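# Observations on chain architecture
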Amino acid sequence: MATITEENYLKAIFHLSQKTDQVSISDLSKSLEVSKPTVNSMVKNLKAHGYISYEKYKPIALTKVGLKVAALILRKHRLTEMYLVEKMGFGWEEVHEIAEQVEHIESPAFFDRMDELMGYPTVDPHGSPIPDKKGEFLSQNKKKLNDCGIGSEVIITALRMSSKGLLEFLDSRGIALGSRLKILSKSTFDNSVMISYEGKKESLSDKVSERLLVEEVS
């Protein structure tokens, strides 16, 4: 059974590996806000437990065992976020910190019951896939908003790297999962995107539009 600290490291490695296949000691140090010597010591520990593969000066990678542990942590985290929104009325911008604490509860029955009460959701409030009890993910094939062409009509189905700041920005604009947008124009200068939705127009920066995952409406 992984400790809470080990779980946090495995989850961080998983998230970093979604962005790059060259996860380093330095990357983990910045992500977890701890010193490199501390990370180096934990990486050795994780390797000894069979959770990661790592050689000095080479990238850190999750083993099959480590990947399953990380996925099951994410399952608990994302189920908790969904429960907080669906059953307790929290906003999607409020749930991350609470789920960070709840995800370390060890009881599988607790989370299985939570899953059952919600009707077995496949995504969390931010559209991220919820792994099943085996730690397997439902495959997703989504496009970033700023990769879609002018005139495209799309529906927001998920967010990339959601943060409280991004969620609060979207809330202030009345944009959420399920919002239907039309791309009116794109700036060649800063790659911002002009959209229309619900009778309104809004300019979204590249920083925002690259984090909105969408499906085009046929």
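Above: the structure in question.
Summary of the structure given here. (Residues numbered from 1 in each chain as written. Predicted model: local features only at pLDDT ≥ 70, side-chain atom pairs only at ≥ 80, totals over all residues. Heavy atoms only, no water.)

## A few points about the layout of surface pockets
The cut-off we apply is this: A cavity here means a set of points on a 1 Å grid, drawn over the protein atoms and nothing else, where a 1.4 Å probe fits but cannot get out; a pocket is an open set with protein on both sides within 12 Å along at least five of seven lines, and a residue lines either one if it has an atom within 4 Å of a point. Grid points are joined across faces, edges and corners, and a volume is the space filled by probe spheres set on the points. Helix and strand definitions here come from DSSP, where helices need a minimum of 4 consecutive H or I residues and strands a minimum of 2 consecutive E residues; each element is numbered from the N-terminal end. When residue character is reported, Ala, Val, Leu, Ile, Met, Phe, Trp, Tyr, Cys and Pro are called nonpolar, Asp, Glu, Lys and Arg charged, and the others, Gly included, polar.
Roughly 1300 Å³ of internal volume is contained in the largest pocket. Lining the largest pocket are 37 residues, and of these His 15, Arg 78, Ser 128, Met 161 and Ser 162 sit closest to its centre. At the level of secondary structure, the elements contributing two or more residues to the lining of the largest pocket comprise α1 (4-17), α2 (25-32), α4 (64-86), α5 (96-102), β4 (153-159) and α7 (164-173). In terms of residue class, the lining of the largest pocket is made up of 14 nonpolar, 12 polar and 11 charged. Quantified by volume, the second largest pocket comes out at close to 360 Å³. Along the wall of the second largest pocket there are 15 residues; nearest its centre are Leu 72, Ile 73, Lys 76, Glu 106 and Pro 108. The dominant element in the lining of the second largest pocket, judged by the number of residues it contributes, is α4, at 5 residues. Grouping the constituent residues of the lining of the second largest pocket by class yields 8 nonpolar, 1 polar and 6 charged.

## Details of α2
Formally: Think of it in three bands: with a 1.4 Å probe and only protein chains considered, a residue is buried below 20% of the maximum accessible area for its type, exposed above 50%, and partly exposed in between. Throughout, the arc means that of the directions going from the helix axis to the C-beta atoms. Contact criterion: two residues are considered in contact whenever any of their non-hydrogen atoms come within 4.5 Å of each other.
For α2, the set of buried residues is Ile 25, Leu 28 and Ser 29. For α2, the angular spread of the buried residues around the axis is 100°, confining them to a single face. Packed against the buried residues of α2 are α1 and α3 (36-48). At the C-terminal side of α2, Glu 33 shows a positive phi close to 60°.

## Notes on the sheet that holds strand β6 (residues 193-197)
Strand pairs in the sheet, formed through backbone hydrogen bonds, run parallel or antiparallel to each other. Inclusion rule: Only strands that DSSP links by at least two bridges are regarded as paired with each other. An axis is simply a line fitted to the C-alpha atoms; with a helix, the fit covers only the stretch in contact. Between two such axes, the angle follows the N-to-C directions and lies from 0 to 180 degrees.
If you walk across this open sheet you meet the 6 strands as β3-β8-β4-β5-β6-β7, and the pairing is antiparallel. The open sheet terminates on both sides in strands that have one partner only, identified here as β3 (143-144) and β7 (200-204). Here β3 pairs with strand β8 (residues 212-216) via 2 bridges, running antiparallel. In the sheet register, Lys 144 faces β8, and the bridge partner there is Leu 213. Along the sheet, α7 contacts β4, β6, β7 and β8; its crossing angle with β7, the most-contacted strand, is approximately 155°.

## Re the nonpolar core
Proteins that are soluble and globular tend to have nonpolar side chains buried together. The cut-off we apply is this: Side-chain atoms within 4.5 Å link the members of a nonpolar core, which is a set of buried Ala, Val, Leu, Ile, Met, Phe, Trp, Tyr and Cys residues.
Core analysis: the largest hydrophobic core is formed by 21 residues, its most contacted members being Leu 28, Val 43, Leu 46, Ile 52 and Ile 60. Residue assignment for this core shows that the elements contributing at least two residues are α1, α2, α3 and α4. Here this core takes 6 residues from α1, the largest share from any one element. Ignoring any residue separated from it by four or fewer positions in sequence, one finds Ile 52 in contact with Leu 10, Ile 13, Val 43, Leu 46, Lys 47, Ile 60, Ala 61, Leu 62 and Thr 63. Of all hydrophobic cores here, the second largest spans 19 residues; its members include Trp 92, Val 154, Leu 166 and Ile 183.

## Some points on the environment of Arg 211
To be explicit about the condition: Between N or O atoms, a polar contact is any pair within 3.5 Å; within protein, one atom must be a potential hydrogen donor and the other a potential acceptor, and residues adjacent in sequence are included only when both atoms are from side chains.
For Arg 211, the position within the fold is in the loop between α8 (206-209) and β8. Arg 211 sits 50 residues away from Met 161 along the chain, and the two C-alpha atoms are 6.8 Å apart. A distance of 3.4 Å separates polar atoms of two side chains, one belonging to Arg 211 and the other to Ser 163.

## Section: the packing of aromatic side chains
Put simply, the test is: Planes of paired rings set the category: under 30 degrees apart is stacked, over 60 is edge-to-face and the rest tilted, where pairs are Phe, Tyr or Trp rings (Trp by its six-membered ring) whose centres lie within 6.5 Å.
Within the structure shown, the criterion is met by 2 aromatic pairs. Ring geometry for Phe 14 versus Phe 137: centroids 5.6 Å apart, planes at 10°, classification stacked. Note that Phe 14 is positioned in helix α1 and Phe 137 in the loop between α6 (108-117) and β3, a separation of 123 residues in sequence. According to the relative accessible area criterion, Phe 137 is partly exposed, its value standing at 32%. Ring centres 5.0 Å apart and planes at 85° place the aromatic pair Phe 110 and Phe 111 in the edge-to-face group.

## Considerations on the side chain of Glu 202
Here Glu 202 is to be found in strand β7. Separated by 3.3 Å, the side chains of Glu 202 and Arg 173 make a polar contact. The contact partners of Glu 202, leaving out residues within four places of it in the chain, are Arg 173, Val 193, Met 194, Ile 195 and Tyr 197.

## Some thoughts on the packing of α2 against α3
For the record, the criterion: What sets the label is the angle itself: under 35 degrees gives roughly parallel, over 145 gives roughly antiparallel, 65 to 115 gives roughly perpendicular, and the rest give oblique. Left-handed describes a crossing whose near helix is turned anticlockwise from the far helix through less than a right angle; right-handed describes the clockwise counterpart.
Running from amino to carboxyl end, α2 crosses α3 at an angle of 110°, the nearest separation of the two axes being 9 Å. Taken together, the axes of α2 and α3 lie roughly perpendicular to each other. Taken as a pair, α2 and α3 cross one another with a handedness that is right-handed. Two secondary-structure elements touch here, α2 through Ile 25, Ser 26, Leu 28 and Ser 29 and α3 through Lys 36, Val 39, Asn 40 and Val 43. Per-class residue counts for the contact of α2 with α3 are 4 nonpolar, 3 polar and 1 charged.

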